[in-house]
Amino acid sequence: MGAASRTKGKQQTPPPDLEVTVLESVRAAPGVTLAVLKKHVPVSHKKFVTEAIVVSLAERGEVFFLKKGKRVFPSDPFVEIDTKLPDDAAQAPIEKAELKDLVGAAAPGCEAVFESWLKRALSERKLFVHTLGNGKKRIGREPDIGSSLKPVLKALRTAVAKLDAQRVPRERVAAALLEGLGLAKEETSIQRNGTSKTNDLPQGTSTDERRQFLAALETLVSDNPRQALHSVRELRSRLTLSKREFDAIALDLAREGVVSLHHHDHASALPDNERTQLIQDDRGTHFNGIAPRRGDDRAR
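Residues numbered from 1 in each chain as written. Predicted model: local features only at pLDDT ≥ 70, side-chain atom pairs only at ≥ 80, totals over all residues. Heavy atoms only, no water.

## Describing the overall build of the protein chain
In terms of regular secondary structure, the protein chain is built from 14 helices and 9 strands. Looking at the protein chain as a whole, 35% of its 300 residues are labelled buried. Carbon and sulfur atoms make up 53% of the accessible area of the protein chain, which totals about 18800 Å². (Helix = DSSP H or I, 4+ residues; strand = E, 2+ residues; numbered from the N terminus. Buried < 20%, exposed > 50% of the residue type's maximum accessible area, 1.4 Å probe, protein only. Areas by Shrake-Rupley, 256 points an atom, 1.4 Å probe, with all protein chains shown as cover.)

Okay, structure coming up:
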């Protein structure tokens, strides 16, 4: 009788402020594991902080739940890193550990998914591995051209030595190399810093249309202030641009670092009419999410 009375006296229903308490705890400690999350709530709430309640919040978009490791974030940590990591991070190749520290500083708590985020960034060619002479590796924003051309440059040095002995001017050697690259008889559109002189947008796409795109994106962000990532389909519906113009502007802004694009993992499984609403690059990658880069005024 005493045992039954004690059981009856225990709280059997969740506290009315359970969800609010969980949300506040996750915001205070982004990337927290489910086990540690229990330690951040009052004793009366602990037994109600279960995977089920977290999954329920995630399904409503209140939190982001990563089943691997059972970590909880206020929003998608991959998008948070993409949007908050400074543009100049890894502009010059850096050690992986240093990049992880930069991720932690820009998006606290999101370093918990660093390895997965890095793997994705490398596969999407947003970051590149650089191999140093001592075998060590670094991560950079640009491809490792030196390593890619290493055998070519070695052969070139041998060929140039022979041509020097034959008194062939280096200018003629350079002209032959440019011709081999298809750049000898036409003006190159690549500046010394590696950026394009000409706008890559399709013919007929004006600066005004670019401004319209950015204005629509700014309005979309303003309408959904709690979202870190925004729907490409929703943004497309707010503009009258053709698919080619819309995609070209978005990809151009992504290359400039003005916006961040989030790729769709299973675009091939979508019906044609849904897939065509996504952004597609020249490698066939589809993007369903877009977000402005924080603190970047180049959008204007």
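## Here we look at the sheet that holds strand β2 (residues 64–66)
The 3 strands lie next to each other as β1-β3-β2, forming an open sheet whose pairing is antiparallel. One side of each edge strand has no neighbouring strand; the edge strands of this open sheet are β1 (32–33) and β2. Both β2 and strand β3 (residues 71–73) contribute to a ladder of 3 bridges, which runs antiparallel. Across the sheet, residue Leu-66 finds its bridge partner in β3, namely Arg-71. (Pairing = 2+ DSSP bridges.)

## Considerations on the confidence of the model for the protein chain
Summarising the model, the protein chain shows a mean pLDDT of 84, and 86% of its residues fall at 70 or more. Between the elements of the protein chain, mean pLDDT differs from a low of 49, seen in helix α1 (residues 2–9), to a high of 95, seen in β3. For the stretch residues 1–5, pLDDT sits under 50, and the model shows 0 contacts to residues farther than four places along the chain or on other chains. Across residues 185–201, confidence stays below pLDDT 50; counting only partners more than four residues off in sequence or on other chains, it has 16 contacts. (pLDDT = per-residue confidence, 0-100. Contact = heavy atoms within 4.5 Å.)

## Thoughts on the side chain of Asp-82
Residue placement: Asp-82 occurs in helix α5 (residues 77–84). Side-chain polar atoms of Asp-82 contact the side chain of Trp-117, separated by 2.9 Å. If sequence neighbours within four positions are ignored, Asp-82 has contacts with Trp-117, Lys-126, Ser-260 and Arg-293. (Polar contact = N/O pair within 3.5 Å; in protein donor to acceptor, adjacent residues only side chain to side chain.)

## A short note on the environment of Lys-100
Residue placement: Lys-100 occurs in helix α6 (residues 96–106). Using a relative accessible area of 37% as the deciding quantity, one classes Lys-100 as partly exposed. For Lys-100 and Ala-112, which are 12 residues apart along the polypeptide, the C-alpha to C-alpha distance reads 9.4 Å. In this structure, Lys-100 is in contact with Glu-111 and Phe-114, ignoring residues within four places of it in sequence.

## Considerations on the pairing of strand β7 (residues 259–263)
By the criterion of burial, β7 is predominantly enclosed, with 5 of the 5 residues buried. Neither face of β7 is left uncovered, since the one carrying Val-259, Leu-261 and His-263 and the one carrying Ser-260 and His-262 both have all their residues buried.

## Examining the pattern of salt bridges
Enumeration over the complete set of coordinates arrives at 20 salt bridges. Residue Arg-210 pairs with Glu-256 through a salt bridge whose shortest N-O separation is 2.9 Å. Within this pair, whereas Arg-210 is found in helix α11 (residues 207–223), its partner Glu-256 is found in helix α13 (residues 243–256), the two being separated by 46 residues in sequence. Residue class for Glu-256 comes out partly exposed when judged on its relative accessible area of 29%. The shortest N-O distance in the salt bridge between Lys-243 and Asp-247 comes to 2.8 Å. On the criterion of helical spacing, the pair formed by Lys-243 and Asp-247 is a turn pair, its members being 4 residues apart in helix α13. The network of salt bridges with common partners includes Arg-210, Asp-252, Arg-255 and Glu-256. (Salt bridge = Lys/Arg side-chain N within 4 Å of Asp/Glu carboxyl O.)

## Focus: the packing of aromatic side chains
Overall, the coordinates contain 2 aromatic pairs when judged by the stated rule. With a centroid separation of 6.0 Å and 40 degrees between ring planes, the pair formed by Phe-114 and Trp-117 is classed as tilted. With Phe-114 and Trp-117 both in helix α7 (residues 114–123), this residue pair falls 3 residues apart, about one helical turn. Accessibility classification places Phe-114 together with Trp-117 in one group, the buried group. With a centroid separation of 5.0 Å and an interplanar angle of 55 degrees, the aromatic rings of Phe-213 and Phe-246 are classed as tilted. Here Phe-213, found in helix α11, pairs with Phe-246, found in helix α13; they are 33 residues apart in sequence, far enough to count as distant. By the burial criterion, Phe-213 is buried, and Phe-246 matches it. Looking at Arg-120, its charged tip hangs above the ring of Phe-78, at a distance of 4.4 Å from the centre. (Phe/Tyr/Trp six-rings, centres within 6.5 Å; stacked < 30°, edge-to-face > 60°. Lys NZ or Arg CZ within 6 Å of the ring centre and 35° of its normal.)

## A closer look at a nonpolar patch on the surface
Residues Ile-145, Leu-149, Val-152 and Leu-153 make up a contiguous nonpolar surface patch of about 330 Å² in total accessible area. When you line up the elements, Leu-153 lands in helix α9 (residues 150–165). Judged by relative accessible area, Leu-153 falls into the partly exposed class, the value being 34%. (Patch = residues over 30% accessible without salt bridge, like charges linked within 9 Å, V, L, I, M, F, W, Y side chains within 5 Å.)

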